[in-house]
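Descriptive analysis of the structure
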Amino acid sequence: MVLGFTLLLLFPMGLALYMSFTDWPLLGDHKFIGLDNYQHILSDSLFWKVLTNTVYFTVGLVPLNIILALLLALLLSKNLRGIGLFRTAIFVPVMTSLIVWSIVWKYMFATDSGLINQLLMVFNIKGPAWLYDTDLAMPAVIVTSVLKNVGLNMVLFIAALQQVPRSLYEAATLDGAGKTKSFFNVTLPMITPTVFLTVVMTVIGSLKVFGQIFVMTQGGPSNSTKVLVYYIWEKAFKLFQLGYASSLAFVLFFVVLVLTLVQWQLRKRWVFNESDA
Amino acid sequence: MKATHNGSIRRSLGTVGTYATLSVISLIMIIPFLWMISTSFKEPQKIFTYPPQLIPTTFRFENYADVFKLIPFEWFYFNSVYIAFLVVGGTVFFASLAGYAFARIPFAGRNFVFLILLSAMMIPHEVTAIPMFLFMRELGWIDTHLPLILLPIFGAGGVFGIFVMRQFFITIPKELEEAAMIDGCNRFRIYGQIMIPIAKPGLATLTIFTFVTNWNEFFDPLIFINTRNLMTLPLGLSLFTDEVGTAWHHLMSATVMATVPLLIIFFLAQRQFIEGVAMTGLKE
């Protein structure tokens, strides 16, 4: 069984690596071309556009997501009446299919029949064509994605906040620390492992964004939302350039790998561990 | 006296602020769903009205019936349900067995194999999808449900399952097993009659996780399935947006039908679910 798992995960990985050195069409023979695909990537202007878009998406999404999730967790870990209702409301999009969520938001952003522009019209503002504007399409997709997933990070933060010992807050209050001060001196240092985990997972997740792009913009307008995985999918399963797509996929793999390793190293510097105390 | 009075005013102002912030954000989360439900009952010519109507003047229930005429919606639904059922069953069964083995049965190279499995979990799905596509084509499994059922069970989802189950089994005291062994139980009876009942919270978490991931899976159906009647809900609905992109009232009826059952299940099981997520501290 273990062998099966290893085969199903590692064998395709090896084959993918080999494919990335070939010219591999869907039909007909493939031929080994060495590093040509990778050289081609470097001079492929669309690749650089796609990479920039992916970074744009990640840089836009991660801080928004983490800060909003932490803020919500702080508010929702208070013992207030009806808190379960709010938790449910914010967590429901996590449960919903990403595709369904994206379809509904595509409709919200629609130029004529979308709710957002209809609301703007009430204030006599003519709303833009959100998803057909090269400057607005990506921010629209980012907002949609943050709202979809913020609940997941929020739940992780709630769990982390509950594990901070009460005695530390009491000690901080005795030392005369206010709410803000005890947040930065007690809460934040104590939950750094969770912050670390959520940041790493959210960054990696953002680099692999696909579904919401597929539904909302199909990479457009004029490639302004075309991201790496969308490009890989297009090359492999629409144009059937399987070799080139494999080498693009390996670029993604290395970016994910390097980011994970770097963050793992940095973790030692800024993540609070109880054993160090 | 005055100080405490000020304090309580500030505290209740804080509470009001909290409620206000939470209400605004919750509203942003909920309004798309309300708007979706509202549109699903609207007549096509009433979709663009000014000012926006949340409650339609007339309810057009035909929108729902029309969905079944326009797309094989019942097939999308059936495919999603039965695939999720098999994938969840298979994953829980194999992952709990393997997780138990990794937690309790000492065998040569156990830690090494486990490490390889964990590192394999890190491989982006998109990298192995291309060779997997060729592999499935060799087997003649393109445009069948087999890849959608087998890949999640034995791929990254299965590895995640093994990892979760191993963590649960490791926390169970060894003495329990040793006592059972003295009573003459074999490994499989220990697994089935002692370990599984204790690991119920772990199994529940894994079930929910696998279900949600599988129910929402989009990339695999997109590359493996071409025939309409074989599509799952996310794929079927996403392609529907292209073809009848402007028929929002139909599209919204379909998404209501795709979403509402899930929301009901979630509402009933939300406590376990949110705790399960927090407990494992892991995302897909």
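Predicted, not measured: the structure shown is a model, and the values here were computed from it.

This part covers the overall build of chain B. What chain B contains, in helices and strands, is 13 helices and zero strands. Secondary structure of chain B in N-to-C order comes out as α-α-α-α-α-α-α-α-α-α-α-α-α. Long-range contacts, defined here as pairs at least 24 residues apart, represent 73% of the contacts in chain B between residues at least 6 apart. Only carbon and sulfur atoms are counted for the fraction: they give 69% of the accessible area of chain B, which is about 13700 Å². Within chain B, the 17 negative side-chain charges are centred at a point lying 12 Å from the centre of the 18 positive side-chain charges.

A separate point is the overall build of chain A. Looking only at helices and strands, chain A features 13 helices and two strands. If you line up chain A on its principal axes, its C-alpha atoms span 75 × 60 × 35 Å. When the 277 residues of chain A are sorted by exposure, 52% land in the buried category. In chain A, the share of contacts with a sequence separation of at least 24, taken over all contacts with a separation of at least 6, comes to 68%. Of the roughly 12700 Å² that chain A leaves accessible, carbon and sulfur atoms contribute 66%. Side chains of chain A carry 18 positive and 12 negative charges; the gap between the two charge centres is 9 Å.

Residues and elements named next belong to chain B. Following the sequence through the fold, Ser40 ends up in helix 1 (residues 2-40). A relative accessible area of 0% means that Ser40 is categorised as buried. Expressed as a C-alpha distance, the spacing of Ser40 and His250, which sit 210 residues apart in the sequence, is 6.4 Å. Discounting chain neighbours no more than four positions away, the residues touching Ser40 are Arg60, Asn63, Tyr64, His249, Met252, Ser253 and Val256. One polar contact links the side chain of Ser40 to the main-chain carbonyl oxygen of Ile37, over a distance of 2.6 Å. At 2.7 Å, the side chain of Ser40 forms a polar contact with the side chain of Tyr64.

Next up on the list: the pattern of salt bridges. Working definition: two side chains of opposite charge can pair if their charged atoms are close together. All names here are of chain B. As enumerated under the stated definition, the model contains five salt bridges over all chains in all. The salt bridge involving Asp66 is made with Arg60; its shortest N-O contact spans 3.7 Å. One network of salt bridges, with partners in common, ties together Arg60, Asp66 and Lys69.

Below, the discussion takes up the UniProt feature "transmembrane region" (unreviewed entry) in chain B. All names here are of chain B. Sites flagged by UniProt as "transmembrane region" (unreviewed entry) map to residues 12-35, 76-100, 112-136, 148-169, 190-212 and 247-269. For residues 112-136, helix accounts for 88% and strand for 0%, while the C-alpha atoms at its two ends are 29 Å apart. Along residues 190-212 one finds 96% helix and 0% strand; the C-alpha atoms at either end are 30 Å apart.

Take the UniProt feature "domain: ABC transmembrane type-1" (unreviewed entry) in chain A next. UniProt records the feature "domain: ABC transmembrane type-1" (unreviewed entry) for residues 51-263 of chain A in the present numbering. Secondary structure within residues 51-263 of chain A divides into 75% helix and 0% strand; the distance between the first and last C-alpha atoms comes to 20 Å.

A separate point is the UniProt feature "transmembrane region" (unreviewed entry) in chain A. All names here are of chain A. As recorded in UniProt, the feature "transmembrane region" (unreviewed entry) lies at residues 55-76, 88-108, 136-161, 182-207 and 242-262. Structurally, residues 88-108 is divided into 90% helix and 0% strand, and its ends, taken at the C-alpha atoms, are 22 Å apart. A helix fraction of 100% and a strand fraction of 0% characterise residues 242-262, whose end C-alpha atoms lie 30 Å from each other.

Moving on to the interface of chain B and chain A. Counting residues at the interface gives 81 residues for chain B and 83 residues for chain A. Carbon and sulfur atoms make up 83% of the area that chain B and chain A hide from each other, which totals about 7600 Å². Counting the contacts that link chain B with chain A gives zero salt bridges. Where chain B touches chain A, the interface holds one residue pair in polar contact (both at pLDDT 80 or more). By residue number, the principal contributor to the side of chain B that touches chain A is helix 1 of chain B, which donates 17 residues. The residue makeup of the side of chain B that touches chain A, split by class, is 59 nonpolar, 18 polar and four charged.

With that settled, the discussion passes to the environment of Val16(B). Checked against the element boundaries, Val16(B) lands in helix 1. Along the chain, Val16(B) and Thr210(B) lie 194 residues apart, while their C-alpha atoms are 39 Å from each other.

Okay, the packing of helix 8 (residues 174-182) of chain B against helix 9 (residues 187-198) of chain B next. Residue and element names in this part refer to chain B. Running from N to C, helix 8 and helix 9 cross one another at 145°; their axes reach a closest spacing of 10 Å. As for how helix 8 packs across helix 9, the hand of that crossing is right-handed. In contact with Leu176, Glu177, Ala180 and Met181 of helix 8, helix 9 contributes Arg187, Ile190, Ile194, Met195 and Ile198. The residue inventory of the contact of helix 8 with helix 9, partitioned by class, reads seven nonpolar, no polar and two charged.

Analysis parameters
Residues numbered from 1 in each chain as written. Chains lettered and ligands numbered in written order. Predicted model: local features only at pLDDT ≥ 70, side-chain atom pairs only at ≥ 80, totals over all residues. Heavy atoms only, no water. Helix = DSSP H or I, 4+ residues; strand = E, 2+ residues; numbered from the N terminus. Contact = heavy atoms within 4.5 Å. Areas by Shrake-Rupley, 256 points an atom, 1.4 Å probe, with all protein chains shown as cover. Lys, Arg positive; Asp, Glu negative; His and termini not counted. Charge placed at Lys NZ, Arg CZ, Asp CG, Glu CD. Buried < 20%, exposed > 50% of the residue type's maximum accessible area, 1.4 Å probe, protein only. Polar contact = N/O pair within 3.5 Å; in protein donor to acceptor, adjacent residues only side chain to side chain. Salt bridge = Lys/Arg side-chain N within 4 Å of Asp/Glu carboxyl O. UniProt positions renumbered as here; feature names shortened; annotations may be inferred. Buried area = accessible area lost by both parts, 1.4 Å probe. Nonpolar A, V, L, I, M, F, W, Y, C, P; charged D, E, K, R; others polar. Axes fitted to C-alpha atoms, helices over the stretch in contact; angles between N-to-C directions. Left-handed = near helix turned anticlockwise from the far one by under 90°.

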